[in-house]
Amino acid sequence: MASDGARKQFWKRSNSKVPGSIQHVYGAQHPPFDPLLHGTLLKATPKVPTTPVKAKRVSTFQEFESNTSDAWDAGEDDDELLAMAAESLNTEVVMETANRVLRNHSQRQERHKLQEAPGPEQKPKPLAEPPLVPSGDLRLVKSVSESHTSCPAEELRKLSWSGIPKPVRPITWKLLSGYLPANVDRRPATLQRKQKEYFAFIEHYYDSRNDEAHQDTYRQIHIDIPRMSPEALILQPKVTEIFERILFIWAIRHPASGYVQGINDLVTPFFVVFICEYIEQEDVDAADVSRVPADVLRNVEADTYWCMSKLLDGIQDNYTFAQPGIQMKVKMLEELVSRIDEQVHRHLEQHEVRYLQFAFRWMNNLLMREVPLRCTVRLWDTYQSEPEGFSRFHLYVCAAFLVRWRKEILEERDFQELLLFLQNLPTAQWGDEDISLLLAEAYRLKFAFADAPNHYKK
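Residues numbered from 1 in each chain as written. Predicted model: local features only at pLDDT ≥ 70, side-chain atom pairs only at ≥ 80, totals over all residues. Heavy atoms only, no water.

Undergrad: For this particular structure, what's the right way to read the overall build of the protein?
TA: Per the secondary structure count, the protein includes 21 helices and zero strands. Across the 458 residues in the protein, those meeting the buried criterion constitute 52%. Long-range pairs, those at least 24 residues apart, make up 76% of the contacts in the protein between residues at least 6 apart in sequence. As displayed, the protein offers around 22,200 Å² of accessible surface, 52% of which is attributable to carbon and sulfur atoms. (Helix = DSSP H or I, 4+ residues; strand = E, 2+ residues; numbered from the N terminus. Buried < 20%, exposed > 50% of the residue type's maximum accessible area, 1.4 Å probe, protein only. Contact = heavy atoms within 4.5 Å. Areas by Shrake-Rupley, 256 points an atom, 1.4 Å probe, with all protein chains shown as cover.)

Shown next, in the form of structure tokens:
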């Protein structure tokens with residue numbers, strides 16, 4: 001069992017990024033509390049429905065029109081199929097993808113074993129290694145994203161689940177988030193209107209950042225941005241200014257939560273994906289943004305703001321007072337892991353490692369501080385293709401992520417070493433293959449547990 005002194009180290013040691021140091025719960029607006037001592041909050045939080053509701057089949061245009069609403073304006077709903085509830089993902093397609101990923105991975109492992117240990121009289125024949133999850137075909141995704149009708153919405157989600165080709169990722173993310181209308185002809189006008197609206201917010205609100213009512217918010221944003229990664233990109237003056245404006249305007253326009261540490265990280269993937277459209281460098285982490293024309297940067301800034309806002313609309317309870325959304329998700333993660341891998345759960349429990357001490361950050365930052373940025377971008381391809389990807393599906397990804405390290409977890413026999421490991425997981429070399437396997441396993445968990453909420457309970 002962990003000693004009192006070891007447990008207290010979690011709260012006493014610095015929040016620096018020095019390797020080997022136990023870190024505080026990053027992003028906590030208020031000190032994390034014990035769910036056992038605050039059971040009333042958890043009980044009072046409405047239970048997230050776990051059984052997906054099948055979308056009613058639309059038989060007439062009138063029914064479609066009455067059941068659909070534009071992402072931004074009433075009266076523009078005839079083109080906004082992508083802004084509908086994201087229940088269009090075909091379950092069979094995704095399950096087939098998940099099984100194919102795991103099956104191919106198993107076959108690859110078997111081939112490696114055969115090649116490493118050939119029989120005395122027979123050498124294994126070299127086998128071609130199939131790709132684990134082929135990214136959506138570039139021509140298909142491009143064709144669907146440029147269609148002049150609303151029909152390909154479901155097809156675009158299917159293609160995007162297994163990864164989006166880099167050249168079409170910017171427009172596909174804008175479509176999947178509901179920011180752009182499905183109809184090509186109306187996109188230029190929508191972009192122009194939304195960009196103009198964002199900079200009207202800047203003109204109206206941004207000068208108030210030094211007012212007494214808002215200076216604490218702006219100061220915290222100003223402090224947090226230099227801590228973000230990739231530093232070579234974020235610390236460029238123009239990028240820093242863009243992030244400050246985006247975060248300040250969002251905080252002012254969302255007083256229920258305001259600015260909370262963790263929200264700042266959610267700007268980066270959108271900005272990086274959208275700026276890549278105008279930068280030839282393969283490594284965007286070191287891209288020189290000063291060479292990008294000013295009008296292009298303005299458009300990227302506005303697009304980033306609106307797409308981030310759309311994401312946060314679905315998880316805002318993660319950032320309201322006491323962050324009840326995160327508290328609930330961490331509790332659900334604990335219950336889920338206790339069902340899918342009781343040995344790992346009991347091991348953490350035995351050494352008095354609480355899920356809040358490591359999984360709070362997983363929920364608060366959507367695993368962005370646990371995996372490289374390139375992996376986050378790939379992860380978000382799927383999140384934006386999944387119904388409630390950033391909230392409900394993220395829970396299963398976190399469960400799969402924890403169980404992925406079961407061998408290393410079970411080998412640790414000390415509270416402090418366990419916590420250090422869980423806060424500094426060795427993912428620096430991860431790539432698309434690792435994320436594809438993680439997503440496939442997460443989908444299997446979702447398939448097994450989402451329609452059986454009693455499985456959460458012991």
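Undergrad: Please explain the nonpolar core as it appears in this structure.
TA: Side chains of nonpolar character tend, in soluble globular proteins, to be buried together. Judged by nonpolar contacts, the single largest core of 114 residues is most densely connected at L266, L333, L348, W362 and W380. Sequence-distant contacts of W380, defined by excluding residues within four places in its chain, comprise W173, L266, P269, F270, L311, L366, M368 and F390. (Core = buried A, V, L, I, M, F, W, Y, C linked by side-chain atoms within 4.5 Å.)

Undergrad: Even after reading the chapter, I still don't get the pattern of salt bridges, so can you show me in this structure?
TA: A side chain with one charge may pair with a side chain of the opposite charge, provided their charged atoms come close. Taken as a whole, this structure holds 18 salt bridges when the rule is applied. For the salt bridge of D381 with R169, the shortest nitrogen-to-oxygen distance reads 2.8 Å. Of the two residues, D381 sits in helix α17 (residues 373-383) while R169 sits in helix α7 (residues 169-176), which places them 212 residues apart along the sequence. The exposure class assigned to D381 is buried, which follows from its relative accessible area of 0%. Classification of R169 as buried rests on a relative accessible area of 13%. The partner of E388 in a salt bridge is R392, and the shortest N-O contact between them spans 3.2 Å. Three or more residues are tied together by salt bridges with common partners; here these are E154, E155 and K158. (Salt bridge = Lys/Arg side-chain N within 4 Å of Asp/Glu carboxyl O.)

Undergrad: Just to check I follow, could you spell out the packing of helix α12 (residues 267-275) against α17 for this structure?
TA: Each pair of packed helices can be summarised by the angle the axes make with each other and by the distance between the axes. Running from N to C, α12 and α17 point in directions that differ by 90 degrees, and their axes come no closer than 10 Å. With respect to each other, α12 and α17 are oriented roughly perpendicular. Between α12, through T268, P269, F270, V272 and V273, and α17, the contact on the second element is made entirely by L373, T376, V377 and W380. (Axes fitted to C-alpha atoms, helices over the stretch in contact; angles between N-to-C directions. Parallel < 35°, antiparallel > 145°, perpendicular 65-115°, else oblique.)

Undergrad: What's the story with the environment of Q416 in this structure? I'm lost.
TA: Take Q416: it is sitting in helix α20 (residues 415-423). Separated by 63 residues in sequence, Q416 and V353 place their C-alpha atoms 8.7 Å apart.

Undergrad: How should I be thinking about the packing of aromatic side chains in this particular structure?
TA: For any two aromatic rings, the description comes down to two numbers: the centre-to-centre distance and the angle of the planes. All chains considered together, the criterion is met by 27 aromatic pairs. Look at F358 and W362: their rings are 5.3 Å apart centre to centre, the planes differ by 65 degrees, and that puts the pair in the edge-to-face class. Of this pair, F358 and W362 both sit in helix α16 (residues 356-364), four residues apart, which is roughly one turn of that helix. Each member of the pair, F358 as well as W362, carries the same accessibility label: buried. Judged by centre distance (5.1 Å) and plane angle (90 degrees), the rings of W380 and F390 are edge-to-face. With a gap of 10 residues between them, W380 in helix α17 and F390 in helix α18 (residues 389-403) connect regions that are remote in the sequence. With a relative accessible area of 12%, F390 lands in the buried category. Through a chain of ring-to-ring contacts, three or more aromatic side chains come together here, namely W161, W173, F270, F274, W380, Y383, F390, F393, Y443 and F447. Between R404 and the ring centre of W405, over which it is positioned, the NZ or CZ distance is 4.2 Å. (Phe/Tyr/Trp six-rings, centres within 6.5 Å; stacked < 30°, edge-to-face > 60°. Lys NZ or Arg CZ within 6 Å of the ring centre and 35° of its normal.)

Undergrad: How do you make sense of the environment of H345 when you look at a structure like this?
TA: Looking at the element boundaries, H345 is found in helix α15 (residues 342-350). The exposure class assigned to H345 is buried, which follows from its relative accessible area of 2%.

Undergrad: When you look at helix α11 (residues 237-253) in this model, what are you seeing that I'm missing?
TA: Counting along an α-helix, one turn takes 3.6 residues, and residues three or four places apart therefore face a common direction. Between the first and last C-alpha of α11 there are 24 Å, a value that for 17 residues agrees with the 24 Å anticipated at 1.5 Å per step. The buried fraction of α11 is high, at 13 of 17 residues. (Expected span 1.5 Å × (residues − 1).)

Undergrad: Looking at this model, I keep getting lost on the confidence of the model for the protein. Mind explaining?
TA: Note that predicted coordinates carrying low pLDDT should not be read in detail. On average, residues of the protein score 78 in pLDDT, and 65% of them reach the 70 mark or higher. Scored below 50 in pLDDT, residues 8-19 shows 28 contacts in the model against residues more than four places distant or in partner chains. Ignoring residues within four places in sequence, the model shows residues 116-135, a span with pLDDT below 50, making 27 contacts including any to other chains. (pLDDT = per-residue confidence, 0-100.)

Undergrad: In this structure, what is going on with the packing of α18 against helix α21 (residues 432-449)? I would like to understand it.
TA: Where α18 meets α21, the closest approach of the two axes is 8 Å, and the angle between their N-to-C directions is 115 degrees. The handedness of the crossing between α18 and α21 is right-handed. Side by side, α18 and α21 meet where R392, F393, Y396, V397, A399, A400 and F401 of the first sit next to L438, L439, E441, A442, Y443, L445, K446 and F449 of the second. Its residues placed into classes, the contact of α18 with α21 shows 12 nonpolar, no polar and three charged. (Left-handed = near helix turned anticlockwise from the far one by under 90°. Nonpolar A, V, L, I, M, F, W, Y, C, P; charged D, E, K, R; others polar.)

Undergrad: In this structure, what is going on with unusual backbone geometry? I would like to understand it.
TA: Excluding glycine, most residues fall at negative phi; most peptide bonds, likewise, are trans. With omega at 0 degrees, the peptide bond leading from S229 into P230 counts as cis. Tracing the chain through its elements places P230 in the loop between α9 (215-224) and α10 (231-234). Despite not being glycine, Q323 has its phi angle at roughly 50 degrees, a positive value. Note that Q323 resides in the loop between α13 (294-313) and α14 (324-340). A relative accessible area of 1% means that Q323 is categorised as buried. Here E352, not a glycine, exhibits a phi torsion of approximately 60 degrees, which is positive.

Undergrad: Looking at this structure, how should I read the side chain of S385?
TA: Note that S385 resides in the loop between α17 and α18. A distance of 2.8 Å separates a polar atom in the side chain of S385 from the backbone oxygen of D381. (Polar contact = N/O pair within 3.5 Å; in protein donor to acceptor, adjacent residues only side chain to side chain.)

Undergrad: What is the right way to look at α18 in this model?
TA: Compared with an ideal rise of 1.5 Å per residue, which puts 15 residues at 21 Å, α18 spans 20 Å between its outermost C-alpha atoms and is within 8% of the ideal. Taken as a whole, α18 carries its principal kink of about 35 degrees at L395. Along α18, 14 of the 15 residues are buried, which leaves the element largely enclosed by surrounding structure. (Bend = angle between axes of the 7 residues up to and from the residue.)

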